[in-house]
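Geometric and topological summary
Now for the letters of each chain:
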Amino acid sequence: MKGLFSGLLVFALILVQANGVPKVKPAKPGLQVPAGLCKTKSTDLVFIIDSSRSVRPSEFEQVKVFVSQVIESLDIGPNATQVGLVNYASTVKNEFTLNAHRNKASVLRAVSQIQPLSSGTMTGLAIQFATNIAFSESQGARVKSNAASKVAIIVTDGRPQDRVQESATQAKQSGIEIFAIGVGRAEMNSLREIASEPLEEHLDYVESYSAIEKLSKKFQEAFCVVNLCASGDHDCEHICVSIPSSYKCACNEGFTLNPDGRTCGTCSSGGVDLAFVIDGSKSVRPENFQLVKKFINQIVDALEVGDQDARIALVQYSSSVRTEFPLNKFRSKQDIKTAVKKMEYMERGTMTGLALQHLSEKIFALSQGARENIPKVGIVFTDGRSQDYINDFAQKAKDKGIRMFAVGVGNALEEELRIIASDPVKDHYHYSADFKTMNNIADKLQVKICVDEDPCACESLVEFQTKVEKIIKTLTSKLGAFTKKLAALENRLLV
């Protein structure tokens, strides 16, 4: 039986290589689409950059890197995206207008030459300038065209020395969509007044300029227009769902997405003792803590909960650790989701090591509802650097047979996530720059919690053979499409 299984696999690989299909992996849910598959929206985009004296020269350079990374992903031109930049401190300087540059290289050179003004922080004045001048028709704005949207991205690290609410309201009423990014000492109430609604999509905060580059992917995706599902450039067995810059696969009712992220099976969660360990430190912020709750319940939704199925515990930590509910507390999915929604935000420090110790020593105890000979899974969520030592307790949890997943958002350190995660690390740690994209991570975790089938079972072998045949058929189809695109490209080059 194993020989037949291996033979089918080798046959599939040989056929793929013989057809000469390029060895390019398909886009995965939550990953950036390769260049050429994404066209950016027709947009008049103005960056409004704080260069007050509180912004150090090295930090200003990091802002310029962030701006450049966003621009790199755009289609620049008079019929695509136009970019302008306003630099402000106590005064406002129009570094370049929307119609000043007609190609990406020219815009990037202009960004590289910007120098900080190093004085006060007149944020309201800068927004007013952008509304009245930077987005005016004389500066290149396409005010008479409904096809081009107007977007401002403002970056600031301090408290404004003037009023921002009136200027921001005027800007939004004129049709400008405003994204507000606060850094370090940025005043949150002012950022809320500046940003467009909904705030969870238009307001971001990072603790330092060294983390601002992580937000570039969010804006790359925000400006991207792509529908790979409609174009057929996907490998979903059942349902293809478009998301910014990519797609994700889903399954028909009664089926579960397999770990490959594309095919569907009848695998259910099976028996598993699952514990969520959630960062409730003050850096998470109340609005994001609500998104974390949704993240938990999204995973719970995909599980079969009960005495013989999944049992779930929830732990929250900050400067201390609190068991919100143990494994033996709830026996229904709805009761768990209700308890998650009622969880109160602790809002203090970040003692991740203490939380890992609590997980390994207390949560999976028999007295707390853990079961013998049942898989143990821990999902640890954090958004920042731990204030205590994590190595020993992370290893202790893994040594006890707990399968550890590490999920990081925002300012989380990827080094710490790798320490927490089980082997292979690449399959057990996930990072997102933005709380609002955690749903993509939840999709991946749902399938990884699922108990694997025996690949040598007859039923699995038949299913595998069917999947191989589908893969070969898909690859053959894609090869024909790829050959046509290549021929068209060659013809264009020869003209």
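The following refers to the structure shown. (Residues numbered from 1 in each chain as written. Predicted model: local features only at pLDDT ≥ 70, side-chain atom pairs only at ≥ 80, totals over all residues. Heavy atoms only, no water.)

As for the overall build of the chain
A tally of regular secondary structure across the chain gives 17 helices and 18 strands. When the 495 residues of the chain are sorted by exposure, 50% land in the buried category. Look at the contacts in the chain between residues 6 or more apart in sequence, and 74% of them connect residues 24 or more apart. Accessible area for the chain stands at about 23,400 Å²; split by element, carbon and sulfur atoms hold 52% of it. (Helix = DSSP H or I, 4+ residues; strand = E, 2+ residues; numbered from the N terminus. Buried < 20%, exposed > 50% of the residue type's maximum accessible area, 1.4 Å probe, protein only. Contact = heavy atoms within 4.5 Å. Areas by Shrake-Rupley, 256 points an atom, 1.4 Å probe, with all protein chains shown as cover.)

Section: the sheet that holds strand S3 (residues 82-88)
With mixed pairing, six strands are arranged side by side in an open sheet as S4-S3-S2-S5-S6-S7. The sheet is open, and its two borders are formed by strand S4 (92-96) and strand S7 (203-206), each paired with just one other strand. The sheet shows a mean angle of 20° between the axes of neighbouring strands, taken without regard to direction. Each of strand S2 (43-50), S3, strand S5 (149-156) and strand S6 (176-183) touches helix H2 (residues 57-72); the most contacted strand, S2, lies at about 170° to it. (Pairing = 2+ DSSP bridges. Axes fitted to C-alpha atoms, helices over the stretch in contact; angles between N-to-C directions.)

What to know about empty space enclosed by the protein
As enumerated under the stated definition, the model contains one cavity of 30 Å³ or more in all. The computed volume of the largest cavity comes to approximately 40 Å³. If one sorts the elements of the lining of the largest cavity by residue count, H2 sits on top with four residues. Partitioned by chemical class, the residues of the lining of the largest cavity number seven nonpolar, no polar and one charged. (1 Å grid on protein atoms, 1.4 Å probe; cavity = no way out; pocket = protein on both sides within 12 Å on 5 of 7 lines; lining within 4 Å. Points joined across faces, edges and corners; volume = space filled by probe spheres on them. Nonpolar A, V, L, I, M, F, W, Y, C, P; charged D, E, K, R; others polar.)

Side note on the packing of aromatic side chains
The geometry of an aromatic ring pair comes down to the distance between the two centres and the angle between the two planes. Taken as a whole and judged by the stated rule, the model has five aromatic pairs. Where Phe-66 meets Phe-219, the ring centres are 6.0 Å apart and the plane angle is 75°; that geometry is what we call edge-to-face. Taken as a pair, Phe-66 in helix H2 and Phe-219 in helix H8 (residues 216-222) lie far apart in primary sequence, 153 residues in all. Relative to Phe-330, the ring of Phe-325 lies with its centre 5.0 Å away and its plane at 75°, an arrangement referred to as edge-to-face. Classification of Phe-325 by relative accessible area gives buried; the value is 3%. Take Phe-330: its relative accessible area is 18%, and that puts it in the buried class. Three or more aromatic residues joined by ring pairs form one cluster here, namely Phe-66, Phe-179 and Phe-219. The residue whose ring lies beneath Arg-285 is Tyr-205, and the NZ or CZ to ring-centre distance is 4.1 Å. (Phe/Tyr/Trp six-rings, centres within 6.5 Å; stacked < 30°, edge-to-face > 60°. Lys NZ or Arg CZ within 6 Å of the ring centre and 35° of its normal.)

Quick look at the packing of helix H10 (residues 286-301) against helix H11 (residues 333-342)
With their axes 9 Å apart at the nearest point, H10 and H11 run at an angle of 175° to one another. The angle between H10 and H11 places the two elements in the roughly antiparallel class. Here Lys-293, Ile-296, Asn-297, Val-300 and Asp-301 of H10 come into contact with H11, specifically with Lys-333, Ile-336, Lys-337, Val-340, Lys-341 and Lys-342. Class assignment for the residues of the contact of H10 with H11 results in four nonpolar, one polar and six charged. (Parallel < 35°, antiparallel > 145°, perpendicular 65-115°, else oblique.)

These values are about where atoms sit, not about what they do.
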